[in-house]
Amino acid sequence: MKTLARRAAVVAAAMAAVAGALTACTQTDHHDSAPASTSAGVSGVADWQGDKPTIVLVHGAWADAAGWTPVVAELQKAGFPVKAPPNPLRGLDSDAAYISDVLRQTTGPIILVGHSYGGAVITNAVAGNTQVKALVYIAAFAPDQGDSLASLNSSPQGKEIPAVPATPSSFPDTGGTGTELTIDPAQYPNVFLDNTVSPSQQRALAVEQRPLSLAAVTGVSGAPAWKNLPSWYLVAKQDRAIAPDLERFMATRAGAHTVEVAGPHLIMQTAPDAVTDLIEQAAVATRR
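We now turn to the structure provided with this report.

## Looking at the sheet that holds strand S8 (residues 212–213)
Okay, so step 1: With antiparallel pairing, the three strands of this open sheet are ordered in space as S6-S7-S8. Two strands close off the open sheet at either side, each with one partner strand: strand S6 (166–173) and S8.
Okay, so step 2: Across eight bridges, S6 lies against strand S7 (residues 176–183) in antiparallel orientation. Note on S7: the bridge partner recorded for proline 168 is leucine 181.

## Observations concerning the pairing of strand S4 (residues 110–116)
Okay, so step 1: Across the seven residues of S4, seven count as buried, placing the element largely inside the fold.
Okay, so step 2: As paired strands, strand S2 (residues 54–58) and S4 are joined by five bridges and run parallel to one another. Across the sheet, the residue bridging to leucine 57 is valine 113, located in S4.
Okay, so step 3: Bridging between S4 and strand S5 (residues 132–140) involves seven bridges; their strand directions are parallel. In the strand pairing of S5, leucine 112 is matched with leucine 135.
Okay, so step 4: Note on the crossover from S4 through helix H4 (residues 117–125) to S5: the handedness is right-handed.

## Overview of the environment of leucine 135
Okay, so step 1: Tracing the backbone through its elements, the reader meets leucine 135 in strand S5.
Okay, so step 2: C-alpha separation for the pair leucine 135 and valine 56, spaced 79 residues apart in sequence, amounts to 9.9 Å.
Okay, so step 3: In this structure leucine 135 touches Leu112, Ile122, Val126, Ala225, Trp226, Leu229, Pro230, Ser231 and Trp232, once residues within four positions along its chain are discounted.

## Examining the environment of alanine 236
Okay, so step 1: Of note, alanine 236 is situated in strand S9 (residues 231–236).
Okay, so step 2: On the accessibility criterion, alanine 236 (0% relative accessible area) is buried.
Okay, so step 3: Taking the C-alpha atoms as reference, alanine 236 lies 5.9 Å from proline 264; in sequence the two are 28 residues apart.

Cut-offs used in this document
Residues numbered from 1 in each chain as written. Predicted model: local features only at pLDDT ≥ 70, side-chain atom pairs only at ≥ 80, totals over all residues. Heavy atoms only, no water. Pairing = 2+ DSSP bridges. Helix = DSSP H or I, 4+ residues; strand = E, 2+ residues; numbered from the N terminus. Buried < 20%, exposed > 50% of the residue type's maximum accessible area, 1.4 Å probe, protein only. Right-handed = clockwise from strand over helix to strand, strands pointing away. Contact = heavy atoms within 4.5 Å.

In structure tokens:
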């Protein structure tokens, strides 16, 4: 019991850090975007000759790959091959290694997309893979070397957002015991969604969430792939899981082509057209 109490104290400190965000800052290549229909499509996609790149979609914490379903449908309709692998959510290094293996098993050029914690994973998963042509961050962490999720969110420049209401519990971990975090299902919609998502779907997403290991919150990022690859970033303007000002800061630091979209953290559910647009823009811009 004392061991669990000590872990709970560590979790409390880490989650307090995750409650922070970064203050407003000057941003380049930034413009507002509403989740309007993309029926006209991104210029260059409809008349694309030859094979299109594979879009690899990496989900974040307290979610699974099904969160990408509306975006997958639109990308497939546009003729893009798509992969949406499970992100293990066990720790930054091991999760990045898993996604790196997925990339190595993918033929041809790749557009690599991450949401939330998935952004930290894709930042570390490229590891010199020349097939990856662009990174796309969707309301995501884009850490620099030495950053962790906790350190980014506890930056002194940040404005406070409510702490993610995550409850710690123990799980078996490589012969020992680890700590994983689960969001109170009753609070899940307040953190991740808005009232454009039906109550029944909100309840389903809340109970389908996958817990995040504490090691993923505190894990330190390596050299970021965005220093060597072009990147795109979508800021969710009503995000309550990652502060929008932190998203703007990370997008600016990465030199990302940036749009802002009205919507919550799970912006792929509420504005899939805008998310798909940005991914297609990255594909067209990096086409060889």
